[in-house]
Amino acid sequence: MKVLLFKFLTMPLIPFFLMILHLAKVKYRVKIALINVNRIGHLALNTEVVLRRAVIINDYKDKKNEDHVILVAPTLPYHNVSNEQLVKMFARHENVYQSWFFYRFIFVWYEFLLKTPFFFLTSHAMDSNEHELFNNVGTTMEFDSNEIKEGNNILNKIGVGNNKYVCIFQRDSNYLEIKENKSQEDRDCRDANINAMIPSIKHLINEGYYVIRVGAHAKDKVSFKHNMFIDYPFTKYVSDFNDVYIVANASFLVGSTSGICDVAVLFDIPRLVVNTIPFTHSTVGKNIMFIPKKLSKKGNIVPYFDKNVKALFNEFSCDRVREKGYEYINNTEDEVLEAVKDFIKYLSSNGILESEDLKNMDRYIANYLSNTSYHSVKVPLCPFWLRNNYKLYFST
């Protein structure tokens, strides 16, 4: 009822608003979009894609033929914002305008306004263009001095201090069930058991890293205790600011495909993606590696090269995968551990693969990913994974 009333009251503003935009075309080609605030992954990466492109445009000497992009953010607090700290930091950017009224105004009229040449929807395609963008343009985000002081104080309180640390995460259904108050069955194939990461936690600690499990509203505690391991979701320090600051200052992050892990990409923090679905899907960004889930049918592992399986290369719906008779199989403890070892080696060698592993990866990209939207997204699989599962990708 409130939305309808607001829409009725603001209807007379629409022609004046569009007239101003038409007049502005003489000097600027204005493009406007709302920041998608409802889900942290979309908030982080959809917004960052636009702002990194804006960095390139703003560096041009001749901007006359380029779009002048304006993102509109809500004034805080605002309902359904997934992370207020990210909104606060994005609002500092010169291409972001923060206003409760204009955010609400555009929101209620968005469907109509998108039919005009002045408005667009933010998105995150994870294609070759975005891969190149995230590798060539640095993060637009920066903590101010007060935030750095506050963040370092939190690291001291949870026992990490100035020591190097790694963030880990494993998706479960609890967060979205609480946020959306409904079953998450169509997304549950993205979930996995956090305890499968215990051998990796031990290995990271042996390598001298503190380990912080991140995320909000986690379902279960990790069945492991150590003075260098912090099960952050079960501490009293959980907050939007701490969620972001902890990930943004990690040495790297190990986790599944989920919004909190996208914060690492936003801040150019190296990221190892485990339990990836769809099985060709990782993410774009600097210093990324991944291992996917395997697929089974009637209890048998099926190869990725099977034409019926390959047709699911970009399928995010768990229900549609099940309708085809397939089930995803979570990565094992050993697989996650080997992935972590590969990733540490990869980072220590400045992102250079050994010659034989590079040949395997080149064949995977050139042959298996050919004619897919990920063909030019050269995010490597972990070398051990491709060596051990080569026959799942190639029939000969």
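If you're wondering where the values come from, they're calculated on a predicted model, not measured in any experiment.

Asks: Lay out the packing of aromatic side chains in plain terms, naming residues and giving numbers.
Replies: Per the stated rule, a full pass over the model turns up 28 aromatic pairs. Aromatic side chains Tyr368 and Tyr393 sit 5.3 Å apart centroid to centroid with 90 degrees between the ring planes, which places their arrangement in the edge-to-face category. Linking Tyr368 in helix H15 (residues 355-368) with Tyr393 in helix H17 (residues 390-393), this pair joins segments that are 25 residues apart in sequence. Three or more aromatic residues joined by ring pairs make a cluster, and in this case those are Phe6, Phe17, Tyr97, Trp100, Phe101, Phe102, Phe105 and Phe119. Above the face of the Tyr326 ring, Lys297 is positioned so that its terminal group lies 4.8 Å from the ring centre. Seen from the ring of Tyr368, Lys310 lies directly overhead, with NZ or CZ sitting 4.4 Å from the centre.

Asks: Explain the sheet that holds strand S1 (residues 29-34) residue by residue, including any values.
Replies: The strand order across the open sheet built from 3 strands is S1-S2-S3, with neighbouring strands paired in parallel fashion. Two strands lie at the open edges of the sheet, namely S1 and strand S3 (96-98), each paired on one side alone. Across the sheet, the axes of successive neighbouring strands diverge by a mean angle of 30 degrees, strand direction being ignored. Bridge analysis of S1 against strand S2 (residues 67-73) gives 6 bridges, and the strand direction is parallel.

Asks: Can you lay out the nonpolar core for me, pointing to particular residues and giving the numbers?
Replies: Core analysis: the largest hydrophobic core is formed by 132 residues, its most contacted members being Leu86, Ile212, Phe267, Tyr364 and Tyr393. Look past the residues within four positions of Ile212 in its chain and what remains in contact with it is Leu155, Ile158, Val160, Tyr165, Val166, Cys167, Ile168, Ile230, Tyr232 and Ile246.

Asks: Could you give an account of the sheet that holds strand S12 (residues 327-329), naming the residues involved and the relevant values?
Replies: Taken in spatial order, the 3 strands line up as S11-S10-S12 in an open sheet, and their pairing is antiparallel. On the outer flanks of this sheet lie strand S11 (300-302) and S12, each paired with one strand and no other. Neighbour-to-neighbour, the strand axes of this sheet turn through a mean angle of 50 degrees, independent of strand direction. As paired elements, strand S10 (residues 294-297) and S11 share 3 bridges and run antiparallel to each other. Bridge pairing in S11 links Ser296 to Ile301.

Asks: Got a sec to walk through the state of the cysteines? Specific residues and values, please.
Replies: Under the defined criterion, the tally for this structure stands at 1 disulfide. Disulfide pairing places Cys189 opposite Cys318 at an S-S distance of 2.0 Å. With the S-S dihedral at roughly -80 degrees, the linkage between Cys189 and Cys318 falls on the left-handed side. In this pair, Cys189 sits in the loop between helix H8 (174-180) and helix H9 (198-206) while Cys318 sits in helix H13 (residues 318-323), placing the two residues 129 residues apart along the sequence. Residue classification places Cys318 among the buried residues on the basis of a relative accessible area of 2%.

Asks: Any chance you could break down the side chain of Asp231 for me, citing the residues and the numbers?
Replies: Structurally, Asp231 can be placed in strand S6 (residues 229-231). Reaching out from Asp231, the side chain makes a polar contact with the backbone nitrogen of Val222 at a distance of 2.8 Å. Setting aside residues no more than four positions away along its own chain, Asp231 makes contact with Arg213, Lys221 and Val222.

Asks: A description of a nonpolar patch on the surface should follow, citing residues and the corresponding values.
Replies: A cluster of nonpolar residues, Leu5, Phe8 and Leu9, forms a patch on the protein surface that exposes about 350 Å² of accessible area. Considering the arrangement of structural elements, one finds Leu5 in helix H1 (residues 2-10).

Quick notes on the rules
- Residues numbered from 1 in each chain as written.
- Predicted model: local features only at pLDDT ≥ 70, side-chain atom pairs only at ≥ 80, totals over all residues.
- Heavy atoms only, no water.
- Phe/Tyr/Trp six-rings, centres within 6.5 Å; stacked < 30°, edge-to-face > 60°.
- Helix = DSSP H or I, 4+ residues; strand = E, 2+ residues; numbered from the N terminus.
- Lys NZ or Arg CZ within 6 Å of the ring centre and 35° of its normal.
- Pairing = 2+ DSSP bridges.
- Axes fitted to C-alpha atoms, helices over the stretch in contact; angles between N-to-C directions.
- Core = buried A, V, L, I, M, F, W, Y, C linked by side-chain atoms within 4.5 Å.
- Buried < 20%, exposed > 50% of the residue type's maximum accessible area, 1.4 Å probe, protein only.
- Contact = heavy atoms within 4.5 Å.
- Disulfide = S-S within 2.5 Å.
- Polar contact = N/O pair within 3.5 Å; in protein donor to acceptor, adjacent residues only side chain to side chain.
- Patch = residues over 30% accessible without salt bridge, like charges linked within 9 Å, V, L, I, M, F, W, Y side chains within 5 Å.
- Areas by Shrake-Rupley, 256 points an atom, 1.4 Å probe, with all protein chains shown as cover.
- Salt bridge = Lys/Arg side-chain N within 4 Å of Asp/Glu carboxyl O.

Any link to function would need more than the numbers given here.
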